[in-house]
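Read off the chains here:
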Protein chains: 4
Amino acid sequence: MAKRTGEKYQVILEAAVKTFARTGFHRTRIADIAGEAGVADGTVYIYFKNKEDILISLFQNLMNTFVEELKNELLQCQNANEKLERIITYHLTTLANRPDQAKVTQIELRQIDQVINKGISKPLKSYFYLIEEVVEEGKKQGLYRHNLDTRIARKVIFGAIDEVITCWVMSGKAYDLIALRNPVFELLVKGLQ
Amino acid sequence: MAKRTGEKYQVILEAAVKTFARTGFHRTRIADIAGEAGVADGTVYIYFKNKEDILISLFQNLMNTFVEELKNELLQCQNANEKLERIITYHLTTLANRPDQAKVTQIELRQIDQVINKGISKPLKSYFYLIEEVVEEGKKQGLYRHNLDTRIARKVIFGAIDEVITCWVMSGKAYDLIALRNPVFELLVKGLQ
Amino acid sequence: MAKRTGEKYQVILEAAVKTFARTGFHRTRIADIAGEAGVADGTVYIYFKNKEDILISLFQNLMNTFVEELKNELLQCQNANEKLERIITYHLTTLANRPDQAKVTQIELRQIDQVINKGISKPLKSYFYLIEEVVEEGKKQGLYRHNLDTRIARKVIFGAIDEVITCWVMSGKAYDLIALRNPVFELLVKGLQ
Amino acid sequence: MAKRTGEKYQVILEAAVKTFARTGFHRTRIADIAGEAGVADGTVYIYFKNKEDILISLFQNLMNTFVEELKNELLQCQNANEKLERIITYHLTTLANRPDQAKVTQIELRQIDQVINKGISKPLKSYFYLIEEVVEEGKKQGLYRHNLDTRIARKVIFGAIDEVITCWVMSGKAYDLIALRNPVFELLVKGLQ
DNA sequence: GATGAATGAGAGTTCATTCAT
DNA sequence: AATGAATGAACTCTCATTCAT
């Protein structure tokens with residue numbers, strides 16, 4: 001049970017993003033996902049343990065790619081400030097360009113029990129760690145003040161970006177999200193100095 | 001249906017906070033709330049339309065009190081900086097002192113459909129507006145830079161506080177939340193200058 | 001319990017005819033009847049045992065008046081044929097003039113359990129008996145054949161009238177019911193001869 | 001939803017006739033039908049929309065067979081009188097031989113909302129049409145008077161047969177229903193002449 | 001007698017999950 | 001591996017009826 005590879009694995013995952021984004025996690029039935037994926041209901045259970053497992057796998061997949069790509073982006077940066085800007089840009093751009101993913105990440109993902117949040121927090125933590133590394137680097141480079149609490153800085157940074165995106169999703173994506181890149185960066189970087 | 005006053009209305013609301021915090025919104029059955037409140041299942045439906053109505057009413061009640069009290073707090077402040085500090089302090093302190101409310105606000109409340117979020121966004125907006133007023137005031141007082149985008153500033157401020165509290169709740173409230181008041185304030189206020 | 005007199009008894013009964021006719025027996029809630037009657041829910045139970053009791057009492061009231069008035073009508077008739085015509089005319093006219101009563105009698109009344117039909121069959125039987133008396137009289141007067149089975153004749157007569165009215169009610173009362181008086185009479189009287 | 005074929009479809013339908021006849025439509029729970037059919041509660045919903053859908057499907061099935069068979073019977077008849085007799089005989093015989101069907105047709109079927117009667121009236125109309133055809137034929141053959149209103153004649157014929165059967169069912173089937181064939185036929189045919 | 005808030009049993013319906021094919 | 005019919009536990013919500021005031 002829970003075969004995690006194969007062609008249908010991806011097909012189901014993609015059907016799930018679409019369906020969750022359209023219908024919402026709790027209103028989505030396994031049959032909806034199966035239908036969207038063009039497979040039988042039972043087939044879903046060959047690849048996933050249950051509905052929550054789909055949502056978590058979804059997020060883990062997205063997040064792994066997200067962090068991997070972001071790491072590559074950061075290799076091109078010279079210092080913490082550049083890296084912070086790149087993080088903000090990449091985070092905003094990625095979700096601006098993938099509305100279904102944005103909907104699932106910002107809204108649907110929060111609709112599951114605390115217990116199961118463990119499945120979410122692990123891949124999320126690697127992102128958190130990335131941010132914290134940049135903050136540390138900034139402190140070493142003398143760009144950010146020495147007595148800055150790295151943990152709290154990370155929470156403020158992530159909370160700010162996250163809230164900005166959530167507001168955008170809730171607004172029905174009514175404005176240009178990427179345009180918020182600069183003012184958010186400016187606000188955060190000054191706060192860190 | 002949906003009688004919004006009376007002794008039992010409050011009793012059920014209080015039972016709901018407790019039960020949602022303990023069991024989680026989706027795992028909570030109406031029977032659980034009724035049992036906790038010491039009333040019959042049917043009685044719940046005299047006062048509330050359904051389970052979601054309870055959650056929304058809950059939040060509206062909490063939020064109204066929250067904003068009302070916060071407004072009073074702000075009357076005692078001399079300038080925007082003092083007000084911003086008061087907001088952060090009040091927000092952190094309130095949720096630190098009411099663990100059930102914190103759990104419901106930070107976790108359970110996000111577990112309902114986007115559609116129903118309307119019931120949540122209205123009272124939330126009055127809090128957002130309060131923050132934006134303070135930012136505006138700070139700009140007028142020359143404390144914050146003139147080209148600061150008030151909307152974005154508000155999102156960063158709220159997002160930061162919200163994330164800090166969510167992390168604390170997810171950690172099982174393992175540390176002193178109120179202690180984060182100063183570093184968060186410092187970070188934000190510098191960002192606004 | 002089940003006080004069968006008083007001003008409110010009549011008020012509730014009238015409210016019930018209206019409500020049953022409008023909403024249908026099973027979809028009608030006691031609260032609807034109480035509301036229509038302008039009394040409290042509980043008051044209904046001072047005068048009636050339960051919802052079925054209301055429907056039965058309703059029918060008994062209507063039927064008693066119906067039979068009483070019909071008896072008077074028949075006093076003015078010279079022979080069985082005249083009486084039969086009067087029965088048909090009176091039956092059709094009465095229900096044509098009282099749409100709510102027609103709806104309740106032809107449709108709603110049939111929506112209760114066989115067991116409770118006892119409450120209905122008693123007043124109905126006095127109508128049946130009236131018809132049978134007329135058939136017998138016709139036989140004695142040499143108007144109807146001697147070997148006519150009175151019971152069966154009554155069933156055919158009542159069945160014919162009843163079906164004619166039911167069709168009219170189901171059609172949404174789209175045509176003149178009373179106009180069917182003559183052809184129905186003709187058909188039946190010839191059958192009896 | 002509402003798969004209208006398959007082995008279980010028939011099994012559930014047969015269980016429903018039995019259960020409705022025994023317990024009455026409104027007192028019958030889906031669980032009772034499922035139990036009688038030897039399937040799970042949920043299985044019923046694979047084949048039927050809801051309880052009313054079962055009752056209607058039931059009647060449509062019975063009525064289709066009824067009309068089909070009756071049409072075949074009528075092929076063997078020479079004239080309208082023979083056909084009328086065959087109709088009466090067939091109608092009485094069929095229900096006399098299938099007590100459950102009789103109970104459901106005469107009693108339970110009348111216990112549903114007017115709105116839903118639409119599902120009933122369609123198959124019923126094909127029976128009505130059959131009767132009217134015979135009346136027309138009789139008029140053409142000079143057996144029945146020319147000025148006879150076909151519609152009304154049909155109502156009287158159907159009403160008579162229907163009432164005769166209903167009385168028999170209500171009596172607890174205490175006498176020989178088929179024996180009423182001749183007197184009913186005689187009464188009706190004379191009425192038509 | 002009248003009220004109407006409170007009761008709580010009851011049933012329909014959904015849908016995640018299983019498993020024989 | 002894939003299917004999809006069948007399962008049956010779970011849970012919301014309704015509403016007839018009661019009874020303290």
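Scope of this entry: the structure provided in the associated data block. On a predicted model such as this, the values are computed, not experimentally measured, just so you know.

**Things to note about the protein's contact with DNA strand E**
So, step 1. Close contacts around DNA strand E come from 30 residues, with A:Ile30, B:Thr43, B:Tyr47, C:Thr43 and C:Tyr47 the closest.
So, step 2. A breakdown of the atoms of DNA strand E within 4 Å of the protein gives sugar and phosphate a share of 70%.
So, step 3. Residue A:Tyr45 places a side-chain N or O atom 2.9 Å away from a phosphate oxygen belonging to DNA strand E.
So, step 4. Within the backbone of C:Gly42, a nitrogen or oxygen atom sits 3.2 Å from a base nitrogen of DNA strand E.
So, step 5. Of all elements in the fold, only helix H3 (41-47) of chain A, helix H3 (41-47) of chain B, helix H3 (41-47) of chain C together with helix H3 (41-47) of chain D reach the threshold of two or more residues within the surface near DNA strand E.

**Quick notes on the interface of chain C and chain D**
So, step 1. Contact residues are listed per partner, giving 38 residues for chain C and 38 residues for chain D.
So, step 2. For the pair chain C and chain D, the summed buried area comes to about 3,200 Å², and 63% of that belongs to carbon and sulfur atoms.
So, step 3. At the boundary of chain C with chain D, the tally comes to 2 salt bridges.
So, step 4. D:Glu186 is paired through a salt bridge with C:Arg145; the nearest N and O atoms lie 3.8 Å apart.
So, step 5. For the interface between chain C and chain D, the tally reads 3 residue pairs in polar contact (both at pLDDT 80 or more).

**Here's the deal with the nonpolar core**
So, step 1. One finds A:Phe20, A:Ile54, A:Tyr127, B:Phe20, B:Ile54 and B:Tyr127 to be the most contacted residues of the largest nonpolar core, which totals 134 residues.
So, step 2. Apart from residues no more than four positions distant in its own chain, B:Ile54 is found in contact with B:Leu13, B:Ala16, B:Phe20, B:Ile30, B:Ile33, B:Val44 and B:Phe48.
So, step 3. Core analysis: the second largest hydrophobic core is formed by 133 residues, D:Tyr9, D:Ala80, D:Ala153 and D:Leu192 among them.

**Re the interface of chain B and chain A**
So, step 1. Residue-level contacts link 38 residues of chain B with 38 residues of chain A.
So, step 2. Here chain B packs against chain A, burying approximately 3,200 Å² in sum over the two surfaces, 62% of which is carbon and sulfur.
So, step 3. Counting every contact that joins chain B to chain A gives 2 salt bridges.
So, step 4. For the side of chain B that touches chain A, the secondary-structure elements that each account for two or more residues are helix H7 (117-140), helix H8 (150-170) and helix H9 (181-192) of chain B.
So, step 5. Broken down by element, the side of chain B that touches chain A gets its largest block of residues, 13 residues, from H8(B).
So, step 6. Residue composition of the side of chain B that touches chain A, by class: 21 nonpolar, 7 polar and 10 charged.

**A closer look at the relation of the copies chain C and chain D**
So, step 1. The two copies are related by a screw operation: chain C maps onto chain D through 180 degrees of rotation and 0.0 Å of translation along the axis, at an RMSD of 0.1 Å. When the rotation and shift are considered jointly, the pair of chain copies conforms to a two-fold rotation axis.

**Thoughts on the protein's contact with DNA strand F**
So, step 1. Around DNA strand F sit 30 residues in total, of which A:Thr43, A:Tyr47, C:Ile30, D:Thr43 and D:Tyr47 are the nearest.
So, step 2. At the protein interface, 70% of the atoms of DNA strand F within 4 Å belong to sugar or phosphate.
So, step 3. The separation between a phosphate oxygen of DNA strand F and a polar main-chain atom of A:Ala40 is 3.2 Å.
So, step 4. D:Tyr47 has a polar side-chain atom sitting 2.4 Å from a phosphate oxygen of DNA strand F.
So, step 5. Listed by contribution, the elements that provide at least two residues to the surface near DNA strand F are H3 of chain A, H3 of chain B, H3 of chain C together with H3 of chain D.

**A look at the environment of B:Leu74**
Residue and element names in this part refer to chain B.
So, step 1. Among the structural elements, Leu74 can be located in helix H4 (residues 51-75).
So, step 2. Here the alpha-carbon distance between Leu74 and Ile107, two residues 33 residues apart in the chain, equals 27 Å.
So, step 3. The residues touching Leu74, leaving out its near neighbours within four places in the chain, are Lys83, Arg86, Ile87, Leu130 and Val134.

Calculation notes
- Residues numbered from 1 in each chain as written.
- Chains lettered and ligands numbered in written order.
- Predicted model: local features only at pLDDT ≥ 70, side-chain atom pairs only at ≥ 80, totals over all residues.
- Heavy atoms only, no water.
- Near = heavy atom within 4 Å.
- Polar contact = N/O pair within 3.5 Å; in protein donor to acceptor, adjacent residues only side chain to side chain.
- Helix = DSSP H or I, 4+ residues; strand = E, 2+ residues; numbered from the N terminus.
- Contact = heavy atoms within 4.5 Å.
- Buried area = accessible area lost by both parts, 1.4 Å probe.
- Salt bridge = Lys/Arg side-chain N within 4 Å of Asp/Glu carboxyl O.
- Core = buried A, V, L, I, M, F, W, Y, C linked by side-chain atoms within 4.5 Å.
- Buried < 20%, exposed > 50% of the residue type's maximum accessible area, 1.4 Å probe, protein only.
- Nonpolar A, V, L, I, M, F, W, Y, C, P; charged D, E, K, R; others polar.
- Least-squares fit on C-alpha atoms with pLDDT ≥ 70 in both.

What is shown is where atoms sit, not what they do.
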